[in-house]
Amino acid sequence: MEQHFCMKKSSDADVGELEWPSGQYCIFKSPEADCPNGFDNGWIFWDDNDWPNRNKVYGDVPDGVYDHNTQINYCCRTDGFASNEIELPKDSSFFLLRHTHQCQAVKGMLTMMQWFEWDCNDSIFIYNKQGGVVPDSEVGRNVRVQYCYYYTLR
């Protein structure tokens with residue numbers, strides 16, 4: 001399984017840049033910055049399969065630990081309603097991580113729910129755990145995280 005990441009790496013608002021709006025959604029935490037204002041920290045840890053364990057990390061990845069096991073850190077907003085539309089740039093498609101049972105409404109964007117599941121070490125899956133505020137997920141024998149894909153019809 002291979003996952004690619006694309007993320008905003010700075011939490012500071014540049015001149016003319018909008019702040020992240022209130023809502024119910026999560027983003028990956030940047031290794032180079034704290035969570036943006038209004039977001040709470042959280043993490044999910046899972047015990048990867050020991051054999052064959054071919055974990056590899058290339059390029060920019062979310063803040064976390066990537067060795068024979070994996071921990072990914074998140075930033076989540078919980079100060080609004082997922083049904084209230086927020087405004088985000090819509091010049092290209094993007095993902096947010098779902099925080100509640102529904103995707104955050106984004107003005108001018110269509111959405112599709114998706115998920116990503118990691119097959120964990122089945123013999124000692126009790127080590128899979130989460131802490132803080134995290135995306136909508138199932139952490140048990142395997143780890144499944146819910147995503148929302150946003151796109152426009154051109």
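Residues numbered from 1 in each chain as written. Predicted model: local features only at pLDDT ≥ 70, side-chain atom pairs only at ≥ 80, totals over all residues. Heavy atoms only, no water.

A. Spatial organisation of the pattern of salt bridges. Taken as a whole, this structure holds four salt bridges when the rule is applied. Its salt-bridge partner being lysine 29, residue aspartate 63 comes within 3.6 Å of it at the nearest N-O pair. On the criterion of sequence distance, the pair formed by aspartate 63 in the loop between strand 2 (40-46) and strand 3 (64-66) and lysine 29 in the loop between strand 1 (24-28) and strand 2 is long-range, its members being 34 residues apart. Arginine 98 is paired through a salt bridge with aspartate 136; the nearest N and O atoms lie 2.5 Å apart. Of the two residues, arginine 98 is situated in strand 5 (residues 94-98) and aspartate 136 in the loop between strand 7 (129-132) and strand 8 (137-139); the sequence distance between them amounts to 38 residues. (Salt bridge = Lys/Arg side-chain N within 4 Å of Asp/Glu carboxyl O. Helix = DSSP H or I, 4+ residues; strand = E, 2+ residues; numbered from the N terminus.)

B. Representation of the side chain of glutamine 104 in the model. Mapped onto the elements, glutamine 104 comes out in the loop between strand 5 and strand 6 (110-118). You can call glutamine 104 buried: its relative accessible area is 2%. Reaching out from glutamine 104, the side chain makes a polar contact with the backbone oxygen of asparagine 84 at a distance of 2.7 Å. Sequence-distant contacts of glutamine 104, defined by excluding residues within four places in its chain, comprise Gly23, Gln24, Tyr25, Phe81, Ala82, Asn84, Ile86 and Tyr150. (Buried < 20%, exposed > 50% of the residue type's maximum accessible area, 1.4 Å probe, protein only. Polar contact = N/O pair within 3.5 Å; in protein donor to acceptor, adjacent residues only side chain to side chain. Contact = heavy atoms within 4.5 Å.)

Take it as geometry only, folks, not as evidence of what the structure does.
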